[in-house]
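Here's the letter readout for the chains.
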Amino acid sequence: PEQPSPWRLKLPMAILDAITAALIACLGARCWSRRAGHLAGAIYALSFTPVFYCAQLLDTPLYTFLCVANVLVLARARASPRARVWFFGGVLLGAASITRATALLFAPIALLLIPRWRAAPRAATQRAGLFALGCAICVLPITWLNWRSARDWVLISSNGGINFYIGNRAGGGTGADGLTSVNAGPRWNELLAL
């Protein structure tokens, strides 16, 4: 059978990375000035590292997009009277944590960004609850799959959420030795036998 072209993934990743550059420009303009935003977006777009990640089909462009979008949404949420914007921020952070587990460490910091904890504790608690719910909607399916597959309570895996698709391996099957649990066919089985 004909091998699929890598451009089917590289092109969407490049488009996603271009959107990230635009989001960085928007964030810079929102926090400083339009000129600073354009400069920040251009520096990101012209830097070699994002181009390398897109060309290598790594998850970094998706992670970067989700993190930058999350910061932009949280900046908007701080200025918005609508509490539901915090829910969307939680969903973006939860999705980013599936891509890279370390993103979840930002959740307590994001809760500190909620304005008026002392002046309006009820409204602040509502926003915090919506943010936590948004994170949980993304993370809990993976946690449940980890428990169902291997009876362990790992929130999300350290290998970028890959166990969302394959689960943690238990028993004597492929991956039980602690290697990444992707069965790549006969060559992989021969490697495991060695």
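Criteria and cut-off values
Residues numbered from 1 in each chain as written. Predicted model: local features only at pLDDT ≥ 70, side-chain atom pairs only at ≥ 80, totals over all residues. Heavy atoms only, no water. Core = buried A, V, L, I, M, F, W, Y, C linked by side-chain atoms within 4.5 Å. Buried < 20%, exposed > 50% of the residue type's maximum accessible area, 1.4 Å probe, protein only. Helix = DSSP H or I, 4+ residues; strand = E, 2+ residues; numbered from the N terminus. Contact = heavy atoms within 4.5 Å. pLDDT = per-residue confidence, 0-100. Axes fitted to C-alpha atoms, helices over the stretch in contact; angles between N-to-C directions. Parallel < 35°, antiparallel > 145°, perpendicular 65-115°, else oblique. Left-handed = near helix turned anticlockwise from the far one by under 90°. Nonpolar A, V, L, I, M, F, W, Y, C, P; charged D, E, K, R; others polar. Polar contact = N/O pair within 3.5 Å; in protein donor to acceptor, adjacent residues only side chain to side chain. Phe/Tyr/Trp six-rings, centres within 6.5 Å; stacked < 30°, edge-to-face > 60°. Lys NZ or Arg CZ within 6 Å of the ring centre and 35° of its normal. Patch = residues over 30% accessible without salt bridge, like charges linked within 9 Å, V, L, I, M, F, W, Y side chains within 5 Å. Areas by Shrake-Rupley, 256 points an atom, 1.4 Å probe, with all protein chains shown as cover. Salt bridge = Lys/Arg side-chain N within 4 Å of Asp/Glu carboxyl O.

Points about the nonpolar core
One finds Leu23, Trp86, Leu93 and Phe131 to be the most contacted residues of the largest nonpolar core, which totals 27 residues. Elements that contribute at least two residues to this core include exactly helix 1 (7–31), helix 4 (60–79), helix 5 (84–99), helix 6 (107–112) and helix 7 (121–150). Of all the elements, helix 4 adds the most residues to this core, at 9 residues. Once you skip the residues sitting within four places of it in the chain, leucine 23 turns out to touch Phe65, Val68, Ala69 and Leu72.

Here we look at the confidence of the model for the protein
A residue-level look at the protein finds 79% of positions with pLDDT of 70 or above and a mean pLDDT of 82. Per-element mean pLDDT across the protein ranges from 45 in helix 8 (residues 163–166) up to 95 in helix 2 (residues 34–46). This model gives residues 163–168 a pLDDT under 50, and the stretch forms 18 contacts once residues within four places in sequence are excluded. For the stretch residues 177–185, pLDDT sits under 50, and the model shows 15 contacts to residues farther than four places along the chain or on other chains.

A closer look at the environment of arginine 76
Assignment of secondary structure puts arginine 76 in helix 4. Using a relative accessible area of 47% as the deciding quantity, one classes arginine 76 as partly exposed. Expressed as a C-alpha distance, the spacing of arginine 76 and arginine 30, which sit 46 residues apart in the sequence, is 9.4 Å. Dropping the residues within four chain positions of it, arginine 76 is found in contact with Arg30 and Arg82.

A closer look at the packing of helix 4 against helix 5
At a minimum axis separation of 9 Å, helix 4 and helix 5 run at an interaxial angle of 160°. For the element pair helix 4 / helix 5, the angle class is roughly antiparallel. With respect to the hand of their crossing, helix 4 and helix 5 are arranged in left-handed fashion. Across from Leu62, Tyr63, Leu66, Cys67, Ala69, Asn70, Val73, Leu74, Ala77 and Arg78 in helix 4, the residues of helix 5 making contact are Val85, Trp86, Phe88, Gly89, Leu92, Leu93, Ala95, Ala96 and Thr99. Across the contact of helix 4 with helix 5, the residue classes break down as 15 nonpolar, 3 polar and 1 charged.

Examining the environment of threonine 99
Mapped onto the elements of the fold, threonine 99 is located in helix 5. Looking at threonine 99, the relative accessible area reads 7%, which means it is buried. Measuring from C-alpha to C-alpha, the distance between threonine 99 and leucine 62 comes to 7.5 Å, with 37 residues separating the pair along the chain. Among the polar contacts listed, one links the side chain of threonine 99 to the backbone oxygen of alanine 95, at a separation of 3.3 Å.

A closer look at the packing of aromatic side chains
By the definition in use, this model includes 3 aromatic pairs. Here phenylalanine 48 and phenylalanine 52 contribute two aromatic rings whose centre-to-centre distance is 6.1 Å and whose plane-to-plane angle is 35°, an arrangement assigned as tilted. With phenylalanine 48 and phenylalanine 52 both in helix 3 (residues 48–55), this residue pair falls 4 residues apart, about one helical turn. On the basis of relative accessible area, phenylalanine 48 is assigned to the exposed category, the value being 61%. What makes phenylalanine 52 partly exposed here is its relative accessible area of 36%. The aromatic ring of tryptophan 7 is capped on one face by lysine 10, whose charged end is 5.5 Å from the ring centroid.

Regarding a nonpolar patch on the surface
Together, Trp7, Leu11, Ile15 and Ile19 line one region of the surface with nonpolar side chains, adding up to about 440 Å² of accessible area. Positionally, isoleucine 19 belongs in helix 1. The exposure class of isoleucine 19 is partly exposed, given its relative accessible area of 39%.

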